[in-house]
Structures are given as structure tokens and as C-alpha cells.
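Structural overview for review
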Amino acid sequence: MKLNFSILSSILLILAQTSFAQYRVTELNEGWQFRNMKENTWYPATVPGTIHTDLLANQRIPDPFYRDNETKLQWIDKADWEYRMDFDLAKKDIRDKKVELQFDGLDTYADVYLNGKLILQADNMFRQWTVDIKPFLGKKKNELLIRFWSAQNRVDSIANAQLPLIRPDNNRVYVRKAQFQFGWDWGPKFAGCGIWKKVRLLVEDKNNQWIMAPEPVSWNDVKLIRQKDATGTSFYFEKNGKPVYCKGANWIPADIFLPRVTKDEYRKLLLMAKEANMNMLRVWGGGVYEDDYFYDLCDSLEIMVWQDFMFAGGMYPGDESFMNNVREEVKYQVGRLRHHPCIVLWCGNNEIDEAWKNWGWQKQFNLHGEDSARIWNDYKRLFEDSLKKWVDRYDGTRPYVSTSPKNGWGHQESFTEGDSHYWGVWWGLEDWEVFETKTGRFISEYGMQAMPNWHTIKSFTDSTDRYLYSPVVQQHQKAGDGFKKLNHYLARYIIDSARIGKLSLEEYMYTTQCLQHYILRNSIAIHRGKYPVNMGTLLWQLNDCWPVASWSITDYSRQPKAAWYAVKEAYRSDITPAPEGGYPKDMKLLKPVYNVTASGNTITVKSSQLARYVYLYTDDPGIVFSNNYFTLYPEAPEIISSNKPVDAKKIRVMSLADLMH
């Protein structure tokens, strides 16, 4: 019988991914210390962890998120760091047995020494590293030392050696490391280093039998359908032979310091996605392949996962060393994740094809002739050829697309075929109504910014910072012309332009959240109204990695912003929402008088006048209401609940009319 190659590869991978049943496993996550290589003092370290969180825990640096501390802490990325620990292993316990050291995640350029002998040189934070250490073990006490070399210095050195050729658009493309750590338009720059996942000692146990790892499983009844039709080419998912309209969001890492994300935080965020009636999340390619627990939760919640490989916004090398490194990364990550039924699509990269063709990189970086051809050939080799072959080899059950989006949002094809990132709204300063004529077949990115919640703003400011456009507030707005764009849309839809500059920072927060609520609700209404030509809407973005003005609908506090409530309503399966008529700023709203009563967790709110975007808030940042930013009609009560009992006297109310008067 002839065995299919992909099946054979799967069997081999199952063997490679065998559980630890044949080993006696000891976790080496305690007793670590760290230091700056230029200093003598060692400090306690936490593993898993990062250099920034270790420095913070030892009070060597201030809170990186507070005020403008991000700028003051950039020296950390340029330094080299050491981590060490000792472990005991009696010779009699390991005689005639295999002994291995396993690292689930080293970030990133790491030289590992055991008893003074170099045993590993790691260069990819997305790979698991396993080393046979039997030849290097001491009689009992063993010293493990890891030297982390600055990723920023290393990529800058590699880039300088390539001059005059410059690869767009950041030197980060040379390192297999979470790209968002080098800064993004919603995130800080903290490249850092560290032992970001667990460390294990594996000693062969000859009394145990081999136990197979979980079989690769997929939702075999979920298929990606791309067929020619009257509009162009479809892009939708089919389950049990029936089309599925995908409603969801993009997921970014939930913290810039990755090991800080707890199971409780994963659970909270994913339950918020589910409660908002989402059935798909796109794991964006500038972050990380997420923790096993993330995918376990998506499995149990029946949230489909569009899984990007970790490439975003840059032209990556194509040399043999880089390609071999990526192949091992893909082999490990696909092998680790392919048994999760939630994963329904592998995608090569985020926005690179679009960027090369539409963002002016060739002119900006003086890439012409052979240089241009070389960089584009590297792109095709990695994303159009190699990744597809590797996905087929190591999975073989799910579709692969080379890039997202298929076409840039300035091209007509982006509305007729493939998936679309439509940023005419926001980047292009277009009205949300443009979606009436520019809704793609499957919109995998679009969005509108808003400030984070007031409690979150207070967490990174002191009282002297809490005014509009203060230097600290601007430090937590990473988007180019972010406030200028926000104010354009505020004046267009929400409030007279003359009043914007007179708002307090708290009022500005509230007003921008009303804006995000309004635009996302209406954008989704148009998208869903285009069914079945349009078959998916994934907003940018579900979550934040630090406290910041961004496109997220939940902020870093893991609390909902106004737009979360709008999305929850617009994504309901039992209704098809319709776009609103008229703009909020044009409404003739009289100043209302509110009446709030509470009994335990139940709150009743009334208003004397029509009130739009009614916002309830308290001084307790932990209180979350089941509904917020809602409409109140005169003397018609709104009954909502809170996650814990609340005193009615401590609930404050704001609505759009309060700002207009």
C-alpha cells in the first residue's frame, strides 16, 4: 500500500511530539538569577519571565507603562544579560539513561552553557530547543548559564552588513522574534529578552511505555471556499456543507511582556469575545503563536481561529540560514497546534504583499533593478512556495493563503476577490458610509480608534498629565496623526469641532468611545447587509498589549470600551442590524435628569429626556455593567446588571446631551 506523504509526515510528527511519559520530568523554573553583563550584582529572576519584568520586580526600573517611562527605558534593549541557576542530578540516578534539557521558549539570541561548556546557540523565540546534556553533567551540582545578546544590536549589525541594500521597513525582519516588540502603531517598543517559557530536565524512564501525542484533528467539515462567481472570487468558510458568516476580531498579544498573561486573563478576554457573539479570531502575524491554553479555550468556545504565521509589515530574508530556521519554527508550531480543531486557516503573513506593491517602499528604500528583484524573489520563495509546502507536510488538513489581504484597499479587486483590509475609514479619512460601495468579500481588518477607559488613563498618568494632548497622553497614542484623525471623525459625526478643544480629558475619552461605538456599529451593519457577497467581518482589534489609545474594543484593564457593547449587539445572530440615519451631533438633545436605583446587582436607569450614549461609571474599576452606552427614552426604564453589587449613590451617569449643554 502506498502511504500518502502528508500522512507519513503526520505520523512522524506525532512520534516527535510524544508526551513526556517515557521521561521523568523536572521543571527548572525556580532559583534563577540575572544580571547585566557589565555589572557584578545578581538579582532574583522569575522564569518564565522577561528582562523588563525581572528588573521591575527587583525595583531596578520604574513601571514601564507609567507616564513616559517607555522612552527612559530604551537602554534595556541595547544591553546584554545573563541568567543562571544550579540543579542537582546524582550520577547513580542517570546511569545508562538519556538526559535532555528542553527550553520551550528563549527570547531570542541566547548562548546556553552547562558547567562552562557551550551546549546551545538559540536564535528563534518561536522554537522549542532540546539538547542532550549527558556528556556535560557534573557529579552532582550543575550550573546552567544563559547569555542573552541584544536583539536590537544584532539586527542592526546584520542590516549594516547588507548596506547599501535596505530591507523595508525595519531591521526587525532579520530576527525570528515577536515583531510587535519593536514598536507598532498601538504598542510600545520593548524588544527585551528572557526565558519566556518553561525549562525542563528530561531523564529517561525505561519503565514507562511510549504514549502517543494527540492525533492531529481539524474541523474537517470547515472548508475555505474560493470560487469564481458573478462578483469575482468568493472567500468564505463552509461548515457541514453550509456557508458560515464570520463575525469576529483580530487578536494581538495581550501584554507586551508575554509571560504576564495569565490563564484568567485569557479566559476573560475570550469569554468577552464569545459574549460579543464572535465566532472567529484572527491571530495577527506580528505577535506570537499563542499559548496552548488560548487554543484550548477557543476549542471549547467554538471560536474559529485564523492563524497567521509570525511575519508582518516587512520584507524578510531568503538566505538558507533564515529559511532553515523558519522551517524548524513551522515544523514545531504546526506540530504543536494542529490538533486544535479551532484552527481553520494558516496564513503566511500580514500585509506584506500589499505593502510591497502599494506603500512606496521601493522608492523610499531605493530598491530598483536587481535589488528589487532579489527582495521580491525572497518573498515569493518564503510565502508562496516554502510555507505552503511546509503546511501541507506538517498539517495537510487545512488551507493555506500566502498573505492577508490579497489586494490593497486602494484597488477594485479588494472588493471582488479574497480578503480585504479596508482602511479608507481611518487612514483615508473616508466616511463609514463608503462601505456601501466598498465592502469586500471577507473583511479581515478595519476599525476606528478610541481612548482607553478612564480608570486605565488614570493608571498611566498623574494628575498633572490629565489634560488633552499632554506629553504623557501623546506618549500613549502611537498612531501617526492619531489625535488629528480622531478629531476629524469626532467633528464629522459626534460633536461640533469648536467644542473638541474645550473638552476635559475624561470628556474626550467618553466622546471618542461614542465615536468608536457609532462607527463600528454602522460599519458592521453595512457588512452584514451585503450577505452573501460579503461573508466575514473581523474588526481591528479585540484587545490591547498596554494602556493606549487604539482600535481595541477592550482596553488593557480587560474591561469593555463602548464599542464592545455596540459589537455585541451588531453581531447578534437573531437580527440583521441596519445602518443608522442621521448623525449624533445633529440630534436636538435636551439636558436630561437621570434617576438611578439599584438592588444588589440589578440597576434601573430612567431619564427625563431622550438620552443617547448613556454611560454608567463608578470609582470602582472592577465594576462592569451588562449594558452601557445605550439609548434611554423618556421615562422608559433600562434594567441592567453589574458583575457585583453596587450602591446606586456611587453610580454616575453621562450622556451626549451633557456635552452639548
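The present account deals with the structure reproduced in this document.

Along the backbone of the protein chain there are 19 helices and 31 strands. Expected size for 661 residues packed as a compact globule is a radius of gyration near 26 Å; at 26 Å, the protein chain falls within 12% of this value. Along the first, second and third principal axes, the C-alpha set of the protein chain runs to 85 × 60 × 55 Å. A buried classification covers 58% of the 661 residues belonging to the protein chain. Total accessible area computed for the protein chain in this model is approximately 26,600 Å², and 49% of it derives from carbon and sulfur atoms. In the protein chain, 83 side chains carry a positive charge and 81 a negative one; their mean positions are 2 Å apart.

What follows covers the environment of Asp496. With respect to the helices and strands, Asp496 occurs in the loop between helix 15 (482-494) and helix 16 (497-500). Take Asp496: its relative accessible area is 45%, and that puts it in the partly exposed class. For the pair Asp496 and Pro243, spaced 253 residues apart in sequence, the C-alpha separation works out to 44 Å. A polar contact of 3.0 Å, which involves the side chain of Asp496, links it to the backbone nitrogen of Ala498.

This next bit is on helix 8 (residues 292-301). The element helix 8 is largely enclosed, with a buried count of seven among its ten residues. Buried residues of helix 8: Tyr293, Phe294, Tyr295, Leu297, Cys298, Asp299 and Leu301, and no others. Of the surrounding secondary structure, the elements contacted by the buried residues of helix 8 are strand 18 (246-251), helix 7 (263-275), strand 19 (280-283), strand 20 (304-308), helix 9 (320-337) and strand 21 (343-347). Where helix 8 starts, the residue carrying a side-chain oxygen 2.8 Å from the main-chain nitrogen of Tyr293 turns out to be Asp291. Taken from the residues just after helix 8, Glu302 is the one with a positive phi, measuring 55 degrees.

What follows is about the pattern of salt bridges. Opposite charge on two side chains permits pairing when their charged atoms draw close. One pass over the full model with this rule turns up 38 salt bridges. Across the salt bridge formed by Asp104 and Arg200, the nearest N and O atoms sit 2.8 Å from each other. Taken together, the positions of Asp104 in the loop between strand 5 (99-103) and strand 6 (106-107) and Arg200 in strand 14 (residues 199-204) put the pair 96 residues apart, joining distant regions of the chain. Each member of the pair, Asp104 as well as Arg200, carries the same accessibility label: buried. The residue Glu445 makes a salt bridge to Arg282 at a minimum N-O spacing of 2.9 Å. Here Arg282 lies in strand 19 and Glu445 lies in strand 24 (residues 442-445), a separation of 163 residues in the sequence. We note that Glu445, like Arg282, is buried. A cluster of three or more residues bridged by salt bridges with shared partners is formed by Arg35, Glu82 and Arg147.

Geometrically, the link from Asp107 to Thr108 is a cis peptide bond, its omega value of -10 degrees lying close to zero. Take Thr108: it is sitting in the loop between strand 6 and strand 7 (109-114). Residues Tyr531 and Pro532 are joined by a peptide bond in cis, for which omega reads 10 degrees. One can find Pro532 in the loop between helix 17 (505-529) and strand 25 (536-539). One non-glycine residue, Glu351, lies in positive phi territory at about 65 degrees. Note that Glu351 resides in the loop between strand 21 and helix 10 (352-358). Its identity as a non-glycine residue notwithstanding, Tyr613 has a phi of 55 degrees, on the positive side. Along the chain, the position of Tyr613 falls in strand 28 (residues 611-617). The class of Tyr613 is buried, set by a relative accessible area of 1%.

With antiparallel pairing, the four strands of this open sheet are ordered in space as 1-14-5-9. Looking at which strands have only one partner, the edges of the open sheet turn out to be strand 1 (23-27) and strand 9 (129-132). Strand-to-strand twist of the sheet, defined as the mean angle between neighbouring strand axes without regard to direction, takes the value 20 degrees. Here five bridges tie strand 5 to strand 14, and the two strands are oriented antiparallel to one another. When the sheet's bridge partners are listed, Leu101 is paired in strand 14 with Leu201.

On to the side chain of Glu70. Take Glu70: it is sitting in helix 3 (residues 69-72). Residue class for Glu70 comes out buried when judged on its relative accessible area of 6%. The residues touching Glu70, leaving out its near neighbours within four places in the chain, are Pro64, Pro188, Lys189, Phe190, Gln475, Lys478 and Trp546.

This paragraph deals with the pairing of strand 26 (residues 594-599). Alignment of strand 26 against strand 27 (residues 602-607), held across six bridges, turns out to be antiparallel. Looking at strand 27, one finds that Ala598 is bridged to Ile603. What sits between strand 26 and strand 27 in their antiparallel hairpin is a turn of two residues, with Gly600 showing a positive phi close to 65 degrees.

So, on to the pairing of strand 27. Side chains of strand 27 alternate between two faces, with Ile603, Val605 and Ser607 buried and Thr602, Thr604 and Lys606 left unburied. Here four bridges tie strand 27 to strand 30 (residues 638-641), and the two strands are oriented antiparallel to one another. For Thr604, the partnering residue across the bridge sits in strand 30 and is Ile639.

When two helices pack together, you describe them by how their axes are tilted relative to each other and by the distance separating the axes. It is the contact of helix 9 with helix 12 (residues 369-394), at a shortest axis distance of 10 Å, that shows an interaxial angle of 35 degrees. Judged by the twist between their axes, the crossing of helix 9 over helix 12 is right-handed. In this structure, helix 9 uses Glu320, Phe322, Met323, Val326, Arg327, Val330, Lys331 and Val334 to contact helix 12, whose residues at the interface are Arg381, Leu382, Ser386, Leu387, Trp390 and Tyr394. Across the contact of helix 9 with helix 12, the residue classes tally to nine nonpolar, one polar and four charged.

Spatial ordering of the open sheet is given by 3-2-4-10-7-8, a layout of six strands whose pairing is antiparallel. Where the open sheet ends on each side, the last strands, each with one partner, are strand 3 (43-44) and strand 8 (117-123). Relative to strand 10 (residues 141-149), strand 4 (residues 81-88) runs antiparallel, the two being bridged by eight bridges. Within strand 10, the position partnered with Asp86 by the bridge is Glu143. Across the sheet, helix 6 (residues 151-162) is in contact with strand 7 and strand 10; its angle to strand 7 comes to roughly 120 degrees.

Parameters at a glance
Residues numbered from 1 in each chain as written. Predicted model: local features only at pLDDT ≥ 70, side-chain atom pairs only at ≥ 80, totals over all residues. Heavy atoms only, no water. Helix = DSSP H or I, 4+ residues; strand = E, 2+ residues; numbered from the N terminus. Rg over C-alpha atoms; globule rule 2.2 N^0.38 Å. Buried < 20%, exposed > 50% of the residue type's maximum accessible area, 1.4 Å probe, protein only. Areas by Shrake-Rupley, 256 points an atom, 1.4 Å probe, with all protein chains shown as cover. Lys, Arg positive; Asp, Glu negative; His and termini not counted. Charge placed at Lys NZ, Arg CZ, Asp CG, Glu CD. Polar contact = N/O pair within 3.5 Å; in protein donor to acceptor, adjacent residues only side chain to side chain. Contact = heavy atoms within 4.5 Å. Salt bridge = Lys/Arg side-chain N within 4 Å of Asp/Glu carboxyl O. Pairing = 2+ DSSP bridges. Axes fitted to C-alpha atoms, helices over the stretch in contact; angles between N-to-C directions. Left-handed = near helix turned anticlockwise from the far one by under 90°. Nonpolar A, V, L, I, M, F, W, Y, C, P; charged D, E, K, R; others polar.

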